[in-house]
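These are the residues of each chain, in order.
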Amino acid sequence: MNQDITVPPPSNSVHKPKLRPTLNSYFNKPTLFKAFFFCFLPFLISLFLIAYLNQSGKNSEMVLLAGFCNGSDIANVDSSESKSVPFQETRTGHACSTMGEPCISCTTFNILAPIYKRLDQQSVRESDFRAFWLARNKKIVNWLLYERSSIICLQEFWVGNEELVHMYEESLGAAGYDTFKLARTNNRGDGLLTAIHKEYFKVLNRRELFFNDFGDRVAQLLHVQSVAPFSINQNESVQQEIIIVNTHLLFPHDSSLSIVRLHQVYQILQYLETYQRENKLSQMPVILCGDWNGSKRGHVYKFLRSQGFVSSYDIAHEYTDSDADAHKWVSHRNHRGNICGVDFIWLRNPHNSQKLLKISWAEAAFGIIKYQLKKVSLAENDAFAFLRADSSGNHITYSAFCDALRQVNLTGLSHGLSFQETKDLWVQADADGNGVVDYEEFKRIWDATWLQHMDEDCSLEDLNEGIAEDEAIGFAVKKAVLFPHEVEKGIWPENYSLSDHARLTAVFSPVRLRCSKHSL
């Protein structure tokens, strides 16, 4: 094939130099090269073009909107996701076998509804461009399927789009999950999706909670039972029951909404108590998942801690409730550009010490009152004088108390404290019941003497040890991971665009709890 072809000259002409063959000379010959060009090469090129056009078709709308987006986001919906595989060593699908002990895992993730994701600084939203939201959500689904958590709790799930809903339900269903979605009230467009892997749990019951408040927020409650029994000892095992809650609290657009957010959490815990009492259920582990739209320094965090809940991520990384540990990790960059840690997987084990719910509510409400007063630079003495108003004595009257709450926007609004809630707070403040609050009673509230967490009176025991007289099965936090990994250092990576929230996954293993016998 590589030999030169010589053309013999006529006898009456001089010799001409040898000519290098052209393509035409090959195409005019019945050679294998000709067959390759006409048969095999077009076939190979067609395969390449099909693959290329398929990909470019998905990205065509992205190219048209290049002016609205950062170039790296168009080239790769989430470039940071391709750098490493999160949670690889503890993927739920094989974690139990590799760790040598039974375990479950839980993932919570606010996936940023396309109706809220902005493509520019004005009004262009991702929901207007199918290629955008479809590509991003397919990537989210792929990561969820890879991690294969026992429990998946999603927030800002676009329930208003049938194609997206079908994609999630079909993909998760094919992977062995039961899925349950719940839309926010007043047709807000987004909502919640909770997925339970049938290999690990069967759903015994589920409830939908509608807060019917300022933010149209909702919550899902699922009562599940483990499919595989948890072994207590060589002769006994139990099928453990768990209550799972998925929710998304209101964003604190201003400080007057703090009381709304507290209301939302209070309703969840109140419903938990009612559900367990009406169904005559024994104490069991409770897992609360979601976007809480508040940090470790907020009133909701302190309220849940007083009710015996612990943050799984903070337990896994040995972080405390102190201000020093409050910003060691983040999970969200909000629409104002601020980064903060707002996504939690809360765990409360059976018989964990907790205060009466009404007492915890009062403590948290007084904490908000104190915050509002300090916000306008009122120190302790000044705050007492403000609450006392024009009272002739050195005490606070009920009417002056109500007027002060109105001035700090905690009453008088549709989402503020109700008359009964205000009355209940007054009863808590007036400790001696004489109808007025003196300085000592006020100082008790101001110093937050109620806000000290009660000591734990339960200890975790290895499953192979002897059974205590009063026992229960709970969970120990084995590991908790945020992804992308930069957020674990308090940094928000600029090349992360899968959502405006990080994904949080925690692994739990069953443990026996030895507790003193008491009622909660």
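Here is a short report on the structure shown in this document. (Residues numbered from 1 in each chain as written. Predicted model: local features only at pLDDT ≥ 70, side-chain atom pairs only at ≥ 80, totals over all residues. Heavy atoms only, no water.)

Quick word on the pattern of salt bridges
Item 1. Applying the stated criterion to the full structure yields 16 salt bridges.
Item 2. In this structure, Glu199 and Arg148 form a salt bridge, with 2.3 Å as the shortest nitrogen-oxygen distance. A residue pair is termed long-range when its members are at least 10 positions apart, and Glu199 in the loop between strand 4 (191–197) and strand 5 (201–210) and Arg148 in the loop between helix 5 (130–147) and strand 2 (151–157) qualify at 51 residues.
Item 3. Two residues, Arg333 and Glu494, come together in a salt bridge whose shortest N-O distance is 3.0 Å. Placement of the pair is Arg333 in strand 12 (residues 332–333) and Glu494 in the loop between strand 18 (471–483) and strand 19 (503–515), with a sequence separation of 161 residues.
Item 4. A relative accessible area of 27% places Arg333 in the partly exposed class.
Item 5. A single network of salt bridges, built from pairs that share partners, joins Glu380, Lys443 and Asp447. (Salt bridge = Lys/Arg side-chain N within 4 Å of Asp/Glu carboxyl O. Helix = DSSP H or I, 4+ residues; strand = E, 2+ residues; numbered from the N terminus. Buried < 20%, exposed > 50% of the residue type's maximum accessible area, 1.4 Å probe, protein only.)

Re empty space enclosed by the protein
Item 1. With the rule as written, the count across this model stands at 5 cavities of 30 Å³ or more.
Item 2. By volume, the largest cavity amounts to about 120 Å³.
Item 3. Forming the boundary of the largest cavity are 13 residues, of which Phe366, Ile369, Leu387, Phe442 and Ile445 lie nearest the centre.
Item 4. Put simply, the parts of the chain that give the lining of the largest cavity at least two residues each are helix 10 (357–375), helix 13 (419–429) and helix 14 (439–446).
Item 5. Considering each element in turn, the lining of the largest cavity owes the most residues, 4 residues, to helix 10.
Item 6. Classifying every residue of the lining of the largest cavity gives 12 nonpolar, no polar and 1 charged.
Item 7. Estimates place the volume of the second largest cavity at around 50 Å³.
Item 8. Arg261, Trp292, Gly294, Ser295, Gly298, His299, Val300, Tyr301, Phe344 and Trp346 together form the lining of the second largest cavity. (1 Å grid on protein atoms, 1.4 Å probe; cavity = no way out; pocket = protein on both sides within 12 Å on 5 of 7 lines; lining within 4 Å. Points joined across faces, edges and corners; volume = space filled by probe spheres on them. Nonpolar A, V, L, I, M, F, W, Y, C, P; charged D, E, K, R; others polar.)

A look at the sheet that holds strand 5
Item 1. Spatial strand order, 5-6-9-10-14-11: 6 strands in an open sheet with mixed pairing. Either end of the sheet is taken by a strand with one partner, and the two such strands are strand 5 and strand 11 (310–311).
Item 2. As paired elements, strand 10 (residues 286–291) and strand 14 (residues 343–348) share 6 bridges and run antiparallel to each other. Considered in strand 14, the bridge of Leu288 is made with Trp346.
Item 3. In the packing of helix 7 (residues 258–278) onto the sheet, the strands contacted are strand 5, strand 6 (218–226), strand 9 (241–248) and strand 10, and the crossing angle to strand 5 comes to about 130°. (Pairing = 2+ DSSP bridges. Contact = heavy atoms within 4.5 Å. Axes fitted to C-alpha atoms, helices over the stretch in contact; angles between N-to-C directions.)

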